[in-house]
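Residue-level structural notes
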Amino acid sequence: MSRFGIAWRVAALALALAILGPPHWIALRLLGRRASLAPVLFHRVFLRLFSVRVTQSGTPPAFGEAALVLANHVSWLDIIAIGSLRPLSFVAKSEIAGWPVISTLAGLQRTLYIDRQRRGATAAVSTAMGHRLAEGELVVLFAEGTTGDGTRLLPFRSSLVGAARAALQAEAGRGRIRLQPLAIAYPRRNGLPATRAERAEIAWFGDTELAPHLAAFVQEGPVDVHVVWGAPIVFEASTDRKAATAAAEAEVRRTLQILRTGRGGDEPGEEAPAEPAGLGLHGPEIAAV
């Protein structure tokens, strides 16, 4: 992509933010969570401008159904891809609140921040998550706690899962919430299957600087993103949070393996299907952006 091409796309994105941002801030003050359309539209504008194609498969929660979404985390692009699909909010590390531009976008998305270095931060965030779940919202938690290299899945953390359950019970008197595993993968670049090296280039992890990574992203060509909603997990008062988190991790791990290799069945006694049922890898997709 030429410098001119990058410049006009950035200008168009800035124009979209200028048009959508101020009315959205006002709507947030007046309507609260019901002001949810602008972030979805902004993410879709970004995807269209920078030739990112998002497909989703599986069965997402019904609109208005509360769910705590446990997803793997590969890149900053995850947020735009997932945010383009439907209204939702994210849980993010507190450092993002101080980033120029990014913090503004996170605010539009009603992002919840957690300071992992501060004692008691988990309880505060879980209370806020409980409020939102009680109101029928989707809250996305990148359960690895950081981004991976695009080729392997890191262990899911369980602390916020159990805390959100407790907060929801106190807030709404409910006995259960829905945990929703979500797998995100980058299967193609420039229309061809992404190699291991290309997946690592798409990923944003470790000490990689954001600005150079953004520049490389726009120069290397179109990217395909596949988002898969896994089988939901019912989380009740008697459910062990570590076991539930491990089940969500296993679901995401299995889905990523199928997406990358076309083979499943890594669980003992489980036979790999010829075509993964419910993943939509070769059949109709739920949506495409």
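Residues numbered from 1 in each chain as written. Predicted model: local features only at pLDDT ≥ 70, side-chain atom pairs only at ≥ 80, totals over all residues. Heavy atoms only, no water.

1. Thoughts on the pattern of salt bridges
Scanning the model with the defined rule gives five salt bridges in all. Residue Arg-53 is joined to Asp-224 by a salt bridge in which the shortest nitrogen-to-oxygen separation is 3.9 Å. One end of the pair, Arg-53, is in strand β1 (residues 52-58); the other, Asp-224, is in strand β8 (residues 223-229), with 171 residues separating them in the sequence. On the accessibility criterion, Arg-53 (39% relative accessible area) is partly exposed. (Salt bridge = Lys/Arg side-chain N within 4 Å of Asp/Glu carboxyl O. Helix = DSSP H or I, 4+ residues; strand = E, 2+ residues; numbered from the N terminus. Buried < 20%, exposed > 50% of the residue type's maximum accessible area, 1.4 Å probe, protein only.)

2. With respect to the packing of helix α1 (residues 3-31) against helix α2 (residues 37-49)
Following both chains from N to C, one finds α1 and α2 inclined at 175°, their axes separated by 10 Å at the closest point. Accordingly, the angle class assigned to the pair α1 and α2 is roughly antiparallel. Residues Trp-8, Arg-9, Ala-12, Leu-13, Ala-16, Leu-17, Leu-20 and His-24 of α1 pack against Ala-38, Pro-39, Leu-41, Phe-42, Val-45, Phe-46 and Leu-49 of α2. Residue classes in the contact of α1 with α2 are distributed as 13 nonpolar, one polar and one charged. (Axes fitted to C-alpha atoms, helices over the stretch in contact; angles between N-to-C directions. Parallel < 35°, antiparallel > 145°, perpendicular 65-115°, else oblique. Contact = heavy atoms within 4.5 Å. Nonpolar A, V, L, I, M, F, W, Y, C, P; charged D, E, K, R; others polar.)

3. Considerations on the packing of aromatic side chains
Under the counting rule described, the total for this entry stands at three aromatic pairs. On the numbers, 4.8 Å between centres and 35° between planes, the contact of Phe-46 with Phe-50 is tilted. By relative accessible area, Phe-46 is classed as buried at 9%. An aromatic cluster of at least three residues, connected via ring pairs, comprises Phe-46, Phe-50 and Trp-76. Against the face of Phe-63 rests Arg-86, its NZ or CZ located 4.1 Å from the ring centre. (Phe/Tyr/Trp six-rings, centres within 6.5 Å; stacked < 30°, edge-to-face > 60°. Lys NZ or Arg CZ within 6 Å of the ring centre and 35° of its normal.)

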